[in-house]
Amino acid sequence: MKSQQTQGWQAKDHAHHLHPFTDPKALKQAGGRVITRADGVYIWDSQGNQILDGMAGLWCVNMGYGLRSIADVAAHQLLELPYYNSFFQCSHPPAIELAAEIAALAPPHMNKVFFTGSGSEANDTNLRLVRHYWDIQGKPEKKTIISRHNAYHGSTVAGASLGGMSGMHAQGDLPIPGIVHIAQPYWYGEGQGLSAEEFGIRCARELESKILELGEDKVAAFIAEPIQGAGGVIVPPDSYWPEIKKILAKYDILFILDEVITGFGRTGCYFAAEYYDLEPDLITIAKGMTSGYAPMGGVIVSDKVADALDKGGEFAHGYTYSGHPLSAAVALENLRLMKQQNIVAKVAEETAPYLQQRLRQVLAQHPLVGEVRGVGMVAALELVADKASHQRFAAELGVGTQCREHSIASGLVMRAVGDTMIIAPPLVITQDQIDELVTKAKQALDMTYADVQKSND
Ligand code: PMP
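Residues numbered from 1 in each chain as written. Predicted model: local features only at pLDDT ≥ 70, side-chain atom pairs only at ≥ 80, totals over all residues. Heavy atoms only, no water.

What counts here: UniProt positions are given in the numbering used here, feature names are shortened, and annotations may be inferred rather than shown by experiment.
You'll find the protein chain entered in an unreviewed UniProt entry as Putrescine aminotransferase, with Shewanella chilikensis given as the organism. As stated in UniProt under Sequence similarities (unreviewed entry), the record for the protein chain gives "Belongs to the class-III pyridoxal-phosphate-dependent aminotransferase family." The UniProt entry for the protein chain carries the following comment under Cofactor (unreviewed entry): "pyridoxal 5'-phosphate".

Structure representation (structure tokens):
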């Protein structure tokens, strides 16, 4: 039974609150889940249910909920300097200190940060920045950006255009001109008949074909997530990134690595650039930099691009909340805690290997699971009708959504991307909590399998 308070919130929510990535009619029917508080790796809903947050919010609460020192720093910053801008030759200590701290964590050839309010805004910044860069170099024809199908780079006009989600492109007549998409390295779903190694190389070579088709003198940049997140945790075959690296070394184009999800420890390195040994010109950041305690994103800029900007006059771009003092202070405290708890090394050496091993041991043999894949503290379970042929369920059956609902009822947040179940818990999750996560995921799969069997009867 829903409490009166929950019912009241649900009615008001539907009447007045237009939600992101939500069908309003479906929300009205389902009622929606009202989350009221959180602590550590757990959230509580308005009905008092305790749920293990296997998605770290939206892949962002890396250090977990309820951190008193972040709240204290935030309160202090709000009283000291709640707002000032970083336009027109102004700055303030939190933005200065945070930029230096991020530069120290970033690959050695990257030493400047442009702050934004979100990952989407950071990718909008990237689009303008790379085109401005080529103008400064006297190559104004180099404007096209190559991205990948099923990529996610945000929801703003440039972000959604850079992304490769057909459902998003269909709304708002996207992509905008000057953005093209090549294949994603999704071996399990699209690589039938080829080894993972062969498929990885084939997908990477699409980058070279596209550069040659457009002409190197027309291409500004290639943008990619190290591991596609919202697209379904697509972990590329081992051959993919080394081949992309070879191609990027041959052509004079910029490389934007979108680390909004992978940044700040999720792979067991501070940045996946290190994990995959990549040398991007620009890195998109957001989410984990504040653990979601305050909104913030940014672009880490290489010396090569920063040196060019020094010659380009004013970069006519910026946001009121670029480097917001509250968010920057929160980010600094979040990064201090990450270091103090040595969390990235712990993820790399202890908890992530344990998570990946337990998911495979317990779930790979499950009759619904076609593949378990993942890196560090992010993983996916592909739900399939037939394991041998990788055959999917009909989309209208909504098997992934069913599994998500069973999971939440079992006390675990998993996200469904179609029929791919996603797991990306806070980095502070312990081994005992990983056991709890895996047990609950199995329970959700068992319940979903029972539904599938019933509908087959
Ligand atoms: N890039 C990637 C890889 C993302 O996963 C996201 C958000 N999920 C974004 C960009 C957009 O970030 P935001 O939602 O903060 O605008």
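Picking up where we left off.
**Some thoughts on the environment of His 17**
We count it as follows: Numbering of helices and strands runs from the N terminus; a helix is a DSSP stretch of H or I covering at least four residues, while a strand is a stretch of E covering at least two. When a residue's accessible area, from a 1.4 Å probe over protein chains only, is under 20% of the maximum for its type it is buried; when over 50% it is exposed; and in between it is partly exposed. Pairs of N or O atoms are called polar contacts if they sit within 3.5 Å, as long as, within protein, a hydrogen donor faces a hydrogen acceptor (for residues adjacent in sequence, only side-chain-to-side-chain pairs).
Mapping His 17 onto the fold places it in the loop between helix H1 (4-16) and helix H2 (24-30). Judged by its relative accessible area of 41%, His 17 falls in the partly exposed class. Residues His 17 and Val 130 lie 113 residues apart in sequence; the distance between their C-alpha atoms is 36 Å. For His 17, the side chain forms a polar contact with the side chain of Asp 13, separated by 2.7 Å. Here His 19 takes part through its side chain, which lies 3.2 Å from a polar atom of the side chain of His 17.

**What to know about the site of the ligand**
Spelled out, the test is: If even one non-hydrogen atom of a residue comes within 4 Å of a molecule or strand, that residue is called near it. Using a 1.4 Å probe, accessible areas were evaluated by the Shrake-Rupley method; residue-level cover was limited to the displayed protein chains. Gly falls in the polar group here, along with every residue not listed as nonpolar (Ala, Val, Leu, Ile, Met, Phe, Trp, Tyr, Cys, Pro) or charged (Asp, Glu, Lys, Arg).
What surrounds the ligand is the set Ser 118, Gly 119, Ser 120, Asn 123, Tyr 152, His 153, Gly 154, Glu 225, Asp 258, Val 260, Ile 261 and Lys 287. Here an oxygen atom of the ligand sits 2.9 Å away from a polar atom, N or O, in the main chain of Gly 119. Contact distances for the ligand include 2.5 Å between an oxygen atom and a side-chain N or O atom of Ser 120. Bound to the protein, the ligand loses 83% of the 390 Å² it would expose on its own. The element that contributes the greatest number of residues to the shell around the ligand is helix H6 (residues 119-136), accounting for 3 residues. The residue makeup of the shell around the ligand, split by class, is 3 nonpolar, 6 polar and 3 charged.

**Quick look at the side chain of Asp 124**
So the rule is basically this: In this tally, Lys and Arg are treated as positive and Asp and Glu as negative; His is ignored, and so are the chain termini. Salt bridges, as used here, are contacts in which a Lys or Arg side-chain nitrogen is within 4 Å of a carboxyl oxygen on Asp or Glu. Throughout, a contact is declared for two residues whenever any of their heavy atoms are within 4.5 Å.
As for its placement among the helices and strands, Asp 124 is situated in helix H6. Buried and unpaired, Asp 124 has Arg 128 as its nearest opposite-charge partner, separated by 7.9 Å. Beyond its immediate chain neighbours, meaning those up to four positions away, Asp 124 contacts Thr 156, Ala 158, Gly 159 and Tyr 319.

**Some details on the sheet that holds strand S10 (residues 297-302)**
Threshold: In this scheme, strands are said to pair when DSSP sees at least two bridges between them. In this analysis an axis means a line fitted to C-alpha atoms, helices contributing only their contacting stretch, and an angle means the value between N-to-C directions, from 0 to 180 degrees.
In space, the 7 strands of this open sheet follow the order S4-S10-S9-S8-S7-S5-S6, with mixed pairing throughout. If you trace the sheet from one side to the other, it starts and ends with strand S4 (110-116) and strand S6 (179-182), each paired once. Looking at each pair of strands side by side, their axes are set apart by 25° on average, direction ignored. Along the sheet, helix H10 (residues 196-214) contacts strand S5 (144-148), S6 and strand S7 (219-224); its crossing angle with S6, the most-contacted strand, is approximately 145°.

**Notes on the pattern of salt bridges**
If the charged atoms of two oppositely charged side chains come close together, the side chains can form a pair. What the rule picks out here adds up to 19 salt bridges. Notably, a salt bridge pairs Lys 143 with Asp 135, separated by 3.2 Å at the nearest N-O pair. The exposure class assigned to Lys 143 is partly exposed, which follows from its relative accessible area of 26%. For Asp 281, the salt bridge identified is with Lys 304, shortest N-O distance 3.7 Å. With Asp 281 in the loop between helix H12 (272-275) and strand S9 (282-285) and Lys 304 in helix H13 (residues 303-310), this residue pair connects regions lying 23 residues apart in the sequence.

**Observations regarding the sheet that holds strand S2 (residues 42-45)**
If you walk across this open sheet you meet the 3 strands as S1-S2-S3, and the pairing is antiparallel. Strands with a single pairing partner mark the edges of an open sheet, and in this sheet they are strand S1 (35-39) and strand S3 (50-52). Across the sheet, the mean angle separating the axes of adjacent strands is 30° when strand polarity is ignored. Pairing geometry for S2 and S3, over 3 bridges, is antiparallel. Residue Tyr 42 lies in a different strand from S3, and its bridge partner there is Leu 52.

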